[in-house]
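If you want the building blocks of each chain, they are given just below.
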Amino acid sequence: MGCDGGTIPKRHELVKGPKKVEKVDKSAELAAKWKYCALSQEKLKRPIVSCELGRLYNKDAVIEYLLDKTAERPNVEAVVHIRGIRDIKELNLTDNPEWEGERRNAKGDRYEDIHCGMFICPVVGLEMNGKHRFCYLQTCGCVFSDRAMKEVKTEICHKCGDPFKIEDVVVLNGTKEEVEKLRERMEERRTKAKTKKSKKSKAAETVSTPSESKADDTQEDVAGRSSLQNGDESSQAAVAGPSGSSGSSSSSKGSKSSTTSATKRSVQSMEEKSEVFKSLFTSHSSAKRTKDQTSNWVTHTPYHF
C-alpha cells in the first residue's frame, strides 16, 4: 500500500510507541551542584558556606535570605532548615592551581575540560568536581576528600590541626540516604541544645528564688527590730515624762549607734573575702606604716624644699 507519489511508509512512522523518559545529563547535574549556589543558582564564589545537610551556598545569598524571608526566590526549599548564621559554616577551601577561571578558553581554539574543579583536596589532591566524595568538618570548616579521611585516620584536622569527632564530619552533596541521616543528626543536635537551654533556665530560677526569699526574711527581721526599738523608746518616754526627755534622747542615740555598729562591719573581719580583696582598703595591715617607715619630722605644707 503506497501513499501519494508512490512512497511506502514504514512502521515507526505510522505507529507511535511510548515516549522515552528523558534522562538528566550527569555532567550538567554535577556542575549544578558543585559549581553553582543551591539558593541563587549563581556561580560559587568566596566566601562559600555549607549547611548541616552538605549543600553549597554563596554567603551573600544566605544573608539576603535571612534578612528578608518574605521575598520570592526560586529555591526556597533548599534553605528552609536554616534559621540563622549559626546553622551555616564558612568553608576553608584549597584552590586548584590548574584552575584558570572563565578566561581559560576565551578564544575557543583548545579543549575545555568541563570537569576541572576550582578546589582540590589538600591531602590527596583530588579535584572537587563531583566525581569524588568530599566532606567538611563543622569545627573548623576545612574540606577534604573521603579518600583522605579513610587513608589518614586521625582525630586532628589535616590542615589546621583542630581536634574533631566523627559526628562533626558532614558529606557535601551526598545521596538521598546520606541527606536523611544528616537531617536526623541535625534534629538530634537541636533537641539537645533546647534541653540544655531549658535546664540552664530552670537552674537560674532555682538560684534566684532562694536569694529572694532570704532578702525578704532579712527585711522582715530588720522591720521587726526597728518596731521593737520604737516601741521601747515610746514606753520609756511615757514613763519618764518631761523630766526624762534627756534620758530618752540619750537612749535613742545609744540605740542608733548600736544599730549602726551592728550593721556596719569591717572588711578585714569578713572571712568570706580574700586577702587580695582586703588589701585594696586602707584598713589592711599592708597599708599601715611601721615605726621604721615613719619620718621623724612633719612639715605643714606638702612641698618639701
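Below is a short write-up of the structure. What you see is a predicted model, and the numbers here were worked out from it, not measured in a lab.

Details of the overall build of the protein
Phase 1: From N to C terminus, the protein includes seven helices and eight strands.
Phase 2: Looking at the protein as a whole, 25% of its 305 residues are labelled buried.
Phase 3: When contacts within the protein are restricted to residue pairs at least 6 apart in sequence, those whose partners lie at least 24 apart make up 45%.
Phase 4: Total accessible area computed for the protein in this model is approximately 23,400 Å², and 54% of it derives from carbon and sulfur atoms.

Things to note about the nonpolar core
Phase 1: Within the largest apolar cluster, 41 residues are counted, with the highest numbers of intra-cluster contacts made by Tyr57, Met128, Phe134, Leu137, Val143 and Leu172.
Phase 2: Contributions of two or more residues to this core are made by β1 (48-50), β2 (56-58), α3 (59-67), β6 (134-137), β7 (143-145), α4 (146-151), β8 (169-171) and α5 (176-240).

Examining the pattern of salt bridges
Phase 1: Counting across every chain of the model gives eight salt bridges.
Phase 2: Residue arginine 133 pairs with aspartate 146 through a salt bridge whose shortest N-O separation is 3.6 Å. Within this pair, whereas arginine 133 is found in the loop between β5 (119-120) and β6, its partner aspartate 146 is found in helix α4, the two being separated by 13 residues in sequence.
Phase 3: For aspartate 146, a relative accessible area of 17% puts it in the buried group.
Phase 4: Here arginine 133 ties to glutamate 178 by a salt bridge, and the two come within 2.9 Å at their closest N and O atoms. On the criterion of sequence distance, the pair formed by arginine 133 in the loop between β5 and β6 and glutamate 178 in helix α5 is long-range, its members being 45 residues apart.

Let's talk about the sheet that holds β2
Phase 1: One open sheet holds the three strands; their spatial order is β2-β1-β3, and the pairing between them is antiparallel. Two strands bound the open sheet, and with one partner strand each, they are β2 and β3 (89-90).
Phase 2: As paired strands, β1 and β3 are joined by two bridges and run antiparallel to one another. Bridge pairing in β3 links serine 50 to lysine 89.

Definitions and cut-offs
Numbering of residues starts from 1 in each chain and follows the order in which that chain's sequence is written. Restriction of local features to residues with pLDDT of at least 70 applies here, the model being predicted, together with a cutoff of 80 or more for giving and counting side-chain atom pairs; totals for whole chains, interfaces and linings are based on all residues. As a rule here, side-chain values come from all non-hydrogen atoms in the structure, and water together with hydrogens is ignored. Each helix corresponds to a stretch of at least 4 residues labelled H or I by DSSP, and each strand to a stretch of at least 2 residues labelled E; elements are numbered beginning at the N terminus. The buried label goes to any residue with under 20% of its type's maximum accessible area, the exposed label to any with over 50%, and the partly exposed label to all in between, with areas taken from a 1.4 Å probe on protein chains only. Contact definition: two residues touch when any of their heavy atoms are within 4.5 Å. Under the convention used here, a 1.4 Å probe and the Shrake-Rupley method define accessible areas, while residue burial counts only the protein chains that appear. Here, the term nonpolar core denotes a set of buried Ala, Val, Leu, Ile, Met, Phe, Trp, Tyr and Cys residues that are joined through side-chain atoms within 4.5 Å. The salt bridge definition used is simple: a Lys or Arg side-chain nitrogen within 4 Å of an Asp or Glu carboxyl oxygen. By definition, two strands form a pair when at least two bridges between them are found by DSSP.

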